Amino acid sequence: MNELIGELLGTMFLIILGDGVVANVLLNESKGKGGGWIVVTAGWAFGVLTGVNVAIAFGSPGGHINPAVTLAMAVAGKFPWQKVLPFMTAQCAGAFLGAVVVWLAYYPHWPGTADGGAKLAVFCTGPAIRKLPWNFATEIIGTVVLVLGVVALGAGSPVPGVGPFLVGALVWGIGLSLGGPTGYAINPARDLGPRLAHQILPVAGKGGSDWGYAWIPVAAPLAGGAVSGLIMLAAAL
């Protein structure tokens, strides 16, 4: 149970800071309005750093906060399969709660922002060019870079406790280098939980939640996680 609480809280903090920085940059009358991509990617990097540390502190030693990471570790034989579904459920629930917190934190800004697409972007990802096969491929690539990068950083880190900082830096790099085509979900919970929140919450002036695209940031990162797990098996990592 402590592991599930850790995953829920860690993912919640990831979304509070991650969706929060997008809200800060996109919503009208926010002090960070127009901050740009560097600000967004930095905010998500700090969100990952904080989320992993919170997950560990509250009982989940692995600090996955990402169903793709959980699946990759299970495929690689480093995580028990019976824990996969409970972990994924806790991660998605935490992401949903984090999005609710962001909605509350920016509550006065929703009516003042007319752009429904910007409001949706606060909660979840969308493609810059809507070509679903290529969007799918981009998310797989980003997820493989994330998972194998995390494994490599964990294996090569000489200082205990520095891992979350390195993972945050890795996510920053992924956002800067690979985030342009799809907004780099690379985490099914990160996209699905907040998208559900967007659908359910009374966000002033919101449009649709784009469920026609929603399967991409869920299925592609899971596929990337499975591929990463198979690569770890093949390399005996």
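Before reading further, recall that the structure is shown in the block above.
Described in the following lines is the structure provided in the data block. Each chain has its residues counted from 1, running along the sequence as written. Local features are withheld for residues below a pLDDT of 70 in this predicted model, meaning they are given only at 70 or higher, and side-chain atom pairs are given and counted only at 80 or more; totals for whole chains, interfaces and linings count all residues. Only hydrogens and water are removed before side-chain values are computed, so all heavy atoms of the structure are retained for them.

**Here we look at the packing of helix H1 (residues 2–26) against helix H5 (residues 116–123)**
How two helices pack is summed up by the angle between their axes together with the distance between the axes.
Phase 1 of the analysis: Whenever a helix is involved, its axis is fitted only over the stretch in contact; in every case the axis is a line through C-alpha atoms, and angles between N-to-C directions fall within 0 to 180 degrees. Secondary structure elements follow DSSP: runs of H or I no shorter than four residues count as helices, runs of E no shorter than two count as strands, and numbering proceeds from the N terminus. Here H1 crosses H5 at 155°, and the two axes come no closer than 7 Å. The pairing of H1 with H5 is recorded here as roughly antiparallel in orientation. Residues Asp-19, Val-22, Ala-23 and Leu-26 of H1 form the contact with H5, whose own contacting residues are Ala-118, Ala-121, Val-122 and Phe-123. An angle below 35 degrees is treated as roughly parallel, one above 145 as roughly antiparallel, one from 65 to 115 as roughly perpendicular, and anything else as oblique. In what follows, a contact means two residues having at least one pair of non-hydrogen atoms within 4.5 Å.

**Thoughts on the layout of surface pockets**
Phase 1 of the analysis: Using a 1 Å grid laid over the protein atoms alone, points where a 1.4 Å probe fits but cannot get out form a cavity; open sets with protein on both sides within 12 Å along at least 5 of 7 lines form a pocket; any residue with an atom within 4 Å of a point counts as lining. Grid points are joined across faces, edges and corners, and a volume is the space filled by probe spheres set on the points. There is about 850 Å³ of room inside the largest pocket.
Phase 2 of the analysis: Lining the largest pocket we find 43 residues, and of these Val-48, Asn-66, Leu-146, Val-171 and Asn-187 sit closest to its centre.
Phase 3 of the analysis: Of all the secondary structure elements, the ones that give two or more residues to the lining of the largest pocket are H1, helix H2 (37–57), helix H3 (67–75), H5, helix H6 (132–156) and helix H7 (163–178).
Phase 4 of the analysis: When residues of the lining of the largest pocket are assigned to their parent elements, the largest contribution, 6 residues, is made by H2.
Phase 5 of the analysis: Only Asp, Glu, Lys and Arg are considered charged, only Ala, Val, Leu, Ile, Met, Phe, Trp, Tyr, Cys and Pro nonpolar, and every remaining residue, Gly among them, polar. Its residues assigned to classes, the lining of the largest pocket shows 28 nonpolar, 12 polar and 3 charged.

**Thoughts on a nonpolar patch on the surface**
Phase 1 of the analysis: A patch consists of residues exposed above 30% relative accessible area that lack any salt bridge, with like charges linked at up to 9 Å and nonpolar side chains (Val, Leu, Ile, Met, Phe, Trp, Tyr) linked at up to 5 Å. All accessible areas in this document rest on Shrake-Rupley with a 1.4 Å probe, and a residue is counted as covered only by the protein chains that are shown. Note on definitions: salt bridges are taken to be side-chain nitrogens of Lys or Arg within 4 Å of carboxyl oxygens of Asp or Glu. On the surface, Trp-37, Ile-38, Phe-46, Trp-172 and Leu-176 cluster together into a nonpolar patch covering about 490 Å² of accessible area.
Phase 2 of the analysis: Broken down by secondary-structure element, the contributors of at least two residues to the nonpolar patch are H2 and H7.
Phase 3 of the analysis: Broken down by element, the nonpolar patch gets its largest block of residues, 3 residues, from H2.
Phase 4 of the analysis: Mapped onto the secondary structure, Ile-38 falls in helix H2.

**Things to note about the packing of H2 against H7**
Phase 1 of the analysis: For the pair H2 and H7, interaxial distance at closest approach is 8 Å and the crossing angle is 150°. Overall, the two elements H2 and H7 adopt an arrangement that is roughly antiparallel. In terms of crossing hand, the pair formed by H2 and H7 is right-handed. When H2 is examined against H7, the residues Trp-37, Ile-38, Thr-41, Ala-42, Trp-44, Ala-45, Val-48, Leu-49, Val-52, Asn-53 and Ile-56 are found in contact with a partner set consisting of Pro-164, Phe-165, Val-167, Gly-168, Val-171, Trp-172, Gly-175 and Leu-176.
Phase 2 of the analysis: Partitioning the contact of H2 with H7 into residue classes produces 15 nonpolar, 4 polar and no charged. A crossing counts as left-handed when the near helix is turned anticlockwise from the far one by less than a right angle, and as right-handed when that turn is clockwise.

**Thoughts on the pattern of salt bridges**
Phase 1 of the analysis: On inspection of all chains with the given rule, the structure shows 4 salt bridges.
Phase 2 of the analysis: Among the ionic pairs, Glu-3 bridges to Lys-83, the shortest N-O distance being 2.9 Å. A residue pair is termed long-range when its members are at least 10 positions apart, and Glu-3 in helix H1 and Lys-83 in the loop between H3 and helix H4 (84–105) qualify at 80 residues.
Phase 3 of the analysis: For every residue, the accessible area (1.4 Å probe, protein chains only) is compared with the maximum for its type, and the residue is labelled buried under 20%, exposed over 50%, or partly exposed between those bounds. Among the residues examined, Glu-3 registers a relative accessible area of 26% and is labelled partly exposed.
Phase 4 of the analysis: Overall, the relative accessible area of 30% leaves Lys-83 in the partly exposed class.

**Structural notes on the packing of aromatic side chains**
Phase 1 of the analysis: Ring geometry is summarised as follows: Phe, Tyr and Trp rings, the Trp one being its six-membered ring, pair when their centres sit within 6.5 Å, and such pairs are stacked at plane angles under 30 degrees, edge-to-face over 60 and tilted between the two. Following the criterion strictly, the structure yields 6 aromatic pairs and no others.
Phase 2 of the analysis: Measuring from ring centre to ring centre gives 5.5 Å for Trp-103 and Tyr-107, while their planes differ by 70°; the resulting arrangement is edge-to-face.
Phase 3 of the analysis: Exposure remark for Trp-103: the relative accessible area of 11% places this residue in the buried category.

**Here we look at the nonpolar core**
Phase 1 of the analysis: Ranked by internal contacts, the top residues of the largest apolar core, which has 35 residues, are Trp-44, Trp-103, Trp-110, Val-122, Phe-123 and Leu-201.
Phase 2 of the analysis: Counting only elements with at least two residues in this core, the list comes to H1, H2, H4, H5, H7 and helix H8 (188–200).
Phase 3 of the analysis: Ranked by residue count, the leading element in this core is H1, at 6 residues.
Phase 4 of the analysis: When sequence neighbours within four positions are dropped, the list of residues in contact with Trp-110 reads Leu-27, Val-102, Trp-103, Lys-119, Val-122, Phe-123, Val-203 and Ala-204.
Phase 5 of the analysis: The term nonpolar core refers to a set of buried residues drawn from Ala, Val, Leu, Ile, Met, Phe, Trp, Tyr and Cys, joined through side-chain atoms within 4.5 Å. Core analysis: the next-biggest nonpolar cluster, separate from the first, contains 14 residues, Val-69, Ala-76, Phe-87 and Met-232 among them.

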